[in-house]
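# Survey of secondary and tertiary structure
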Amino acid sequence: MELSSSFKPSTSNIFHHRTHDLSFSSSFPPFPLKTHFQNLKSRNPISLNPTTIIAAVDSQEKRQHSQEQLPPNSPQRLLKELSQRKKFISPNKRLPPKRFILKPPLDDAKLAQRFLNSPQLSLKQFPLLSSCLPSMRLNNADKTWIDEYLLEAKQALGYPLEPSESYGDDNPAKQFDTLLYLAFGHPHCERTNARHVRSGHSRLGFLGQYVLELGLAEFFLQRYPRESPGPMRERVYALIGKRYLPKWVKAASLHNLIFQYDDMDKLIRKEREPPVKSVVWAMFGAIYLCFGMPEVYRVLFEVFGMDPEDEECQPKLRRQLEDVDYVSAEFEGKKLSWQEVAAYKPPEDALFAHPRLFRACVPPGMHRFRGNIWDYDSRPQVMNTLGYPLQVKDRIPEITNARNIELGLGLQLAFLHPSKHKFEHPRFCFERLEYVGQKIQDLVMAERLLIKHIDAPGKWLQEKHRRLLLNKFCGKYLREKHLHRFIIYSDEVQDSYEHNRRLRNPATTAVQQAIHGLSYTVYGKPDVRRLMFELFDFEQTQPKAV
């Protein structure tokens, strides 16, 4: 201990020696020393003697003098400049992006004024069309695009070139220019920085996808009256699947309006397909709102040149069950063209809202089931629960009786599970009614959400739509009305389903959708709304019985 203590230098000498070495050394930066003294000073300023403080100040002056004499390319000088620059360029705390900064909500007066000035509340006679208009009036940038490019789009689609504002107020086509402009404002172009364009385009696309699916479902059900829905879904996908849409867009010469600065053929799939799909869906939403379903068929098959008989559109080969039953006389021996489907108008004294679609889904052979046990025992209870038959004023009482008879047969078909008769009679089951029911309930729910949430973007509506129409909910609402007891199964399936809800529940979902399909073909879209929102309460807004 004595030897070690004899070699202890004084504290002041240590500080002098270290500052002398560090101040003239080029291998160590001077910052740690400065921090060390600041820490010491902040911890205990009284413990430092005056000699130490003078030495530190002296070493700092010598260091600054030595750095001023450094050559411009020395590493030490460059490191110092870099550290100073980092302090200003990248501070430790970054500001959050503007979209995450919460803004105070609008007060009631401003909010009311914004909605009252919005074009979305301007058309009382067309509520669905009005809800799809932009949330604010078009600005100069929007009008510039309309002046430059809209004529080209209208010419490619086969519409007159004069401005649509020249039509009367009672004509929904008056808003066609505005909606067509929104249809081309896809999320990958620069114009979608404006909120009204981005939101308006997504809302139109949300509606347009269900319009396309319903239109093609009706077309193929009438064109192929003996086919099951499986091959028909493949046909629909081969026409409007996203990987095939660029081909149709190019055939209609619309690709230059979607990709104004790029060659569509040179883009990879993930850059080419989403914008095309978005624009096509929104465009058919606009056409449906302004001109109706016949124009949807014309643009699909005439402008885009879709051919249902094309080899690429044919379904996969599969084992077909032999269909020995008759079809309605108007389907026998021929395939309906798109012109016949688009131009068809039901006769004045027709039994149904969509008579040909009804006859395509309910085979004439169903009359052999009249008077069976289900017809006497279950049909009155089902009709009472569903509120059928509706009061319809007919010129001749026999028409009402005939409609009610056909409605009863259609209900029996909607409750007829494929396990009962499908292998001997492929169309004596609910599959075709279920197919059209899925599509019409999708479209009815989409229209309901668009009118109800006029300020919501399409992506939010899509998620809301998906959550409201989950298959498990469709079956659940049918079971809540105790209608699942009337489904007609084969004996083997009845035994296996009786104590297994995982097998049973998909059947209740299918029956629920088949009821919607039958309701659409017999009474039209208003009755589908009644069933969905009043009887089955899909939105779950009605009070529950305690």
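Residues numbered from 1 in each chain as written. Predicted model: local features only at pLDDT ≥ 70, side-chain atom pairs only at ≥ 80, totals over all residues. Heavy atoms only, no water.

## With respect to the packing of helix H24 (residues 471-480) against helix H26 (residues 501-523)
Running from N to C, H24 and H26 point in directions that differ by 80°, and their axes come no closer than 8 Å. Our classification of the angle between H24 and H26 gives roughly perpendicular. Here H24 contributes Asn471, Cys474, Gly475, Tyr477, Leu478 and Arg479 to the contact with H26, which in turn contributes Asn505, Thr508, Thr509, Val511, Gln512, Gln513 and Ile515. Among the residues forming the contact of H24 with H26, the class breakdown is five nonpolar, seven polar and one charged. (Axes fitted to C-alpha atoms, helices over the stretch in contact; angles between N-to-C directions. Helix = DSSP H or I, 4+ residues; strand = E, 2+ residues; numbered from the N terminus. Parallel < 35°, antiparallel > 145°, perpendicular 65-115°, else oblique. Contact = heavy atoms within 4.5 Å. Nonpolar A, V, L, I, M, F, W, Y, C, P; charged D, E, K, R; others polar.)

## Side note on the packing of aromatic side chains
Under the counting rule described, the total for this entry stands at 21 aromatic pairs. Between Tyr237 and Tyr244, the aromatic rings sit 5.7 Å apart at their centres with planes inclined by 80°, giving edge-to-face as the arrangement. Take Tyr244: its relative accessible area is 22%, and that puts it in the partly exposed class. Ring centres of Tyr477 and Phe538 lie 4.9 Å apart, and the angle between their planes is 70°; this geometry places the pair in the edge-to-face category. Taken together, the residues span a long stretch of sequence, with Tyr477 in helix H24 and Phe538 in the segment after helix H27 (525-535) at a distance of 61 residues. (Phe/Tyr/Trp six-rings, centres within 6.5 Å; stacked < 30°, edge-to-face > 60°. Buried < 20%, exposed > 50% of the residue type's maximum accessible area, 1.4 Å probe, protein only.)

## What about the environment of Gly365?
With respect to the secondary-structure elements, Gly365 resides in the loop between helix H17 (355-361) and helix H18 (373-377). Taking C-alpha positions, Gly365 is 9.6 Å from Ser328, a pair spaced 37 residues apart along the chain.

## Details of unusual backbone geometry
Between Tyr388 and Pro389 the backbone carries a cis peptide bond, its omega angle lying at -5°. Positionally, Pro389 belongs in the loop between helix H19 (379-386) and helix H20 (397-414). Unusually for a residue other than glycine, Asp537 sits at a positive phi of about 55°. Along the chain, Asp537 falls in the segment after H27. Notably, Gln540 is not glycine yet its phi reads approximately 55°, a positive angle. In this fold, Gln540 is placed in the segment after H27. Gln540 gets classed as partly exposed once you look at its relative accessible area, which sits at 34%.

## Describing the nonpolar core
The tendency in soluble globular proteins is for nonpolar side chains to be buried as a group. Ranked by size, the top nonpolar core spans 138 residues in total, and within it Phe184, Phe304, Leu386 and Phe415 carry the most contacts. Look past the residues within four positions of Phe184 in its chain and what remains in contact with it is Trp145, Ala153, Cys189, Arg191, His201, Leu254, Leu257, Ile258, Val279 and Met283. (Core = buried A, V, L, I, M, F, W, Y, C linked by side-chain atoms within 4.5 Å.)

## Comments concerning the packing of helix H14 (residues 269-291) against helix H15 (residues 293-303)
As a packed pair, H14 and H15 sit with axes 7 Å apart at the nearest point and diverge in direction by 140°. Our classification of the angle between H14 and H15 gives oblique. Across the interface between the two elements, Phe284, Ile287, Tyr288 and Phe291 of H14 pack against Met293, Glu295, Val296, Val299 and Leu300 of H15. Taken together, the residues of the contact of H14 with H15 break down into eight nonpolar, no polar and one charged.

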